[in-house]
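# A look at the structure
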Amino acid sequence: MNCIFTEKVSSLIDGELSQTETREVERHLMSCVECQEMRADFLSLRTRITNFETSLQPTVQNRALKKILATQRRAPALGFQWSFGKAVAFASLLIIAAISGFVVYQGSKSTQTGSSVAVNTPTPVPSSTVQQHQRPQADASPAPKKENEETTQPRQTPSAPKRKIVREPRPGEQFAAIPEPPARPADARPADARPADAETMTAMHFEKSETLLRSFRNFRLNEAGSATEVSYERTRAQQLVYQNMMLRREADARGDVQVASLLETLEPILLDISNLPDKPDTDAVRVIRERVERKNIVALLKVNSIALARANDD
Amino acid sequence: MASEDEEFTMLFQDFYPSLCRFLECLLGGRAPLAQDLAQESFLQLHRTAWGTLPDGEARFWLYRVARNMAINEFRKSNTRYRLFDRVVEAMRPRARNPEQEYETQERQTLVLEMLQTLPEDQRTALLLREQEQLSYREIGQVLNISESKVKVDIFRARAALRERWSKRVKTVGASAS
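Residues numbered from 1 in each chain as written. Chains lettered and ligands numbered in written order. Predicted model: local features only at pLDDT ≥ 70, side-chain atom pairs only at ≥ 80, totals over all residues.

### Let's talk about the overall build of chain B
Check the secondary structure of chain B and you find eight helices and zero strands. Secondary structure of chain B in N-to-C order comes out as α-α-α-α-α-α-α-α. In chain B, buried positions account for 36% of the 177 residues. Of the contacts formed within chain B by residues at least 6 apart in sequence, a portion of 65% connects residues at least 24 apart. (Helix = DSSP H or I, 4+ residues; strand = E, 2+ residues; numbered from the N terminus. Buried ≥ 20, exposed ≤ 12 C-beta atoms within 10 Å, placed from the backbone. Contact = placed C-beta atoms within 7 Å.)

### Observations regarding the overall build of chain A
For chain A, the count of helices and strands is 17 helices and zero strands. For chain A, the proportion of its 314 residues judged to be buried stands at 25%. For chain A, contacts bridging at least 24 residues in sequence account for 78% of all contacts bridging at least 6.

### Re the interface of chain A and chain B
Every contact between the two is made by 48 residues of chain A and, on the other side, 44 residues of chain B. Of all elements in the fold, only helix H1 (6-13), helix H3 (33-50), helix H4 (58-74), helix H10 (173-177) and helix H14 (231-254) of chain A reach the threshold of two or more residues within the side of chain A that touches chain B. Sort the elements by how many residues they give to the side of chain A that touches chain B and H14 of chain A lands first, with ten residues. The class makeup of the residues in the side of chain A that touches chain B is 22 nonpolar, 13 polar and 13 charged. (Nonpolar A, V, L, I, M, F, W, Y, C, P; charged D, E, K, R; others polar.)

### Let's talk about the packing of H1 of chain A against helix H2 (residues 19-31) of chain A
All names here are of chain A. One way to put it is that H1 packs onto H2 with a least axis distance of 10 Å and a crossing angle of 120°. Our classification of the angle between H1 and H2 gives oblique. The chirality of how H1 crosses H2 is left-handed. Contacts from Lys8, Val9 and Leu12 of H1 reach H2 at Glu21, Thr22 and Val25. Tallied by class, the residues present in the contact of H1 with H2 amount to three nonpolar, one polar and two charged. (Axes fitted to C-alpha atoms, helices over the stretch in contact; angles between N-to-C directions. Parallel < 35°, antiparallel > 145°, perpendicular 65-115°, else oblique. Left-handed = near helix turned anticlockwise from the far one by under 90°.)

### Overview of helix H7 (residues 136-143) of chain B
Residues and elements named next belong to chain B. Listing the buried residues of H7 in full gives Tyr136, Ile139, Val142 and Leu143. Here the buried residues of H7 occupy an arc of 120° about the axis, which is enough to place them on one side. Positioned one or two residues after H7, Asn144 has a phi angle of 60°, which is positive. (Arc of directions from axis to C-beta.)

### Regarding the nonpolar core
If you look at soluble globular proteins, the nonpolar side chains tend to sit buried side by side. Residue and element names in this part refer to chain B. Counting residues in hydrophobic clusters, the biggest one holds 83 residues, and the most contacted among them are Leu19, Leu23, Ala38, Leu62 and Ala66. If you tally residues by element for this core, the top one is helix H1 (residues 2-26), at ten residues. Setting aside residues no more than four positions away along its own chain, Leu23 makes contact with Ala34, Leu37, Ala38, Ala66 and Ala70. (Core = buried A, V, L, I, M, F, W, Y, C linked by C-beta atoms within 7 Å.)

### Some points on the confidence of the model for chain B
In regions of low pLDDT, the predicted coordinates are not meant to be interpreted in detail. Per-residue pLDDT for chain B averages 82, and the proportion of residues at 70 or more is 82%. Mean pLDDT in chain B bottoms out at helix H4 (residues 83-91) of chain B, which sits at 55, and peaks at helix H6 (residues 120-130) of chain B, which reaches 94. (pLDDT = per-residue confidence, 0-100.)

### A few points about unusual backbone geometry
All names here are of chain B. The phi dihedral of Gln133 is positive, around 60°, even though this residue is not glycine. Summarising the element assignment, Gln133 is placed in the loop between H6 and H7. Overall, the presence of 19 C-beta atoms within 10 Å leaves Gln133 in the partly exposed class. Non-glycine residue Asn144 carries a positive phi angle of around 60°.

### Looking at the confidence of the model for chain A
Residue and element names in this part refer to chain A. Overall, the prediction assigns chain A a mean pLDDT of 69, with 63% of residues at 70 or greater. Segment residues 73-81 is flagged for pLDDT under 50; beyond a separation of four residues in sequence, or across chains, it makes 25 contacts in the model. In this model residues 113-196 is a low-confidence stretch, pLDDT under 50, and it forms 91 contacts with partners more than four residues away in sequence or in other chains.

### A look at the packing of helix H13 (residues 198-218) of chain A against H14 of chain A
Two quantities define a packed helix pair, namely the angle between the helix axes and the distance between the axes. All names here are of chain A. Close contact between H13 and H14 brings their axes to 10 Å; oriented N to C, the two are set at 145°. Here H13 and H14 pass one another in a crossing that is left-handed. Where H13 abuts H14, its residues Ala198, Met201, Thr202, His205, Lys208, Ser209, Leu212, Ser215 and Phe216 lie against Glu233, Arg236, Ala237, Leu240, Gln243, Asn244, Leu247 and Glu250. In terms of residue class, the contact of H13 with H14 is built from seven nonpolar, six polar and four charged.

### Side note on the environment of Gly51 of chain B
Checked against the element boundaries, Gly51 of chain B lands in the loop between helix H2 (31-49) and helix H3 (57-76). The spacing of Gly51 of chain B and Phe8 of chain B is 43 residues in sequence and 9.7 Å in space, taken between C-alpha atoms.

### What to know about the environment of Ala237 of chain A
Relative to the helices and strands, Ala237 of chain A resides in helix H14. Put simply, Ala237 of chain A and Glu267 of chain A are 30 residues apart on the chain and 9.5 Å apart in space, counted from C-alpha to C-alpha.

As structure tokens, then:
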């Protein structure tokens, strides 16, 4: 590695050089064997690292998603704080009412000029009032426990301002906590579970791939020999390749030949798009487009995604 | 809420597999641990940061958190490769024919071995570039380092791997002859 351009070769294959630098390095590459070899080796390394397959199984992915979504449903320990706060507020109100009642009574008593009977009668009144008012307070203490035991149960319509008084949610937690308990009746679960279903995932994958291939097929090419911007399509393809691999493996395992073979046809096309350089030559794009046309893959994806979606609806 | 869940589901399905792959390579092939950490990263995103991050930031946030978790794992069990991980890996169902499976396994092991020879920061930068197609600026954002450091790290990683690869090829060639 004696050549001064070696580091730039690395940046070149990453598309991180300016146009001037790119031209300069490309010119240099035409004459420097060392840099040519280095570029070839770097690209070969890229292929090896990019082709690394994760051993993730779709079932594991589905489980993880369900777990995360379910955790959010369970999340609010706020349940306890809420009802505890409510109980405390209620009890405080009662105590205040009792005290003010007592004070008012005392005031009226002092202004009264009645007999000793009249003085004696009120004595039990405040005490009974206090007792009466203390009962809800005593009742209120088990209430939070009950709520605490059933944190997933919908709570009694707490109003939003009170919630803030009880506890200021941390950033992000507000989103997780507010709509949860009331918005999650048991019958809402199947709808949440749907995306995690393998067939739904395959249908979604077909749909995404179809959109990508349509976009790839339809964008306008620059004149022959010049570079075309495909970074969006490339990134999408990169994301879809992994899912394609997993879904293909899954389809193979469950013996779904039709889906497996379609995924198998799709995979090299996605790989080709994801391995395109940042600004590929128009011809390279055209070759992939022709393959897409030849295999009629867009129509096949459409048909299969609709079929799968219908099967899922049934 | 439902649409937010759907959005999250879409993000999860788009990035969970690639995050697992990234972590698997970073952790030297410990697939179950990688999947756990990826799940934990998404869980944290869902609990704390989802909805507060600007558009397009979630992905970087995930990689940053996942990488930090991986570093914690390195500290906890530096070279210990848990037996359980190996057992789970060995029991993993495989759909291909055994020969094909063996070849893939060999190739994957080689890539992992080579990556493990790199320092962690170089390895992470290279993986984010090659597998996740992030630009130098984006990698800098994830790793909280400058673009020029990213550039140097990636170049050094490539140069080191290239050298080791050629040595290995020579060794294999010599032993074959």
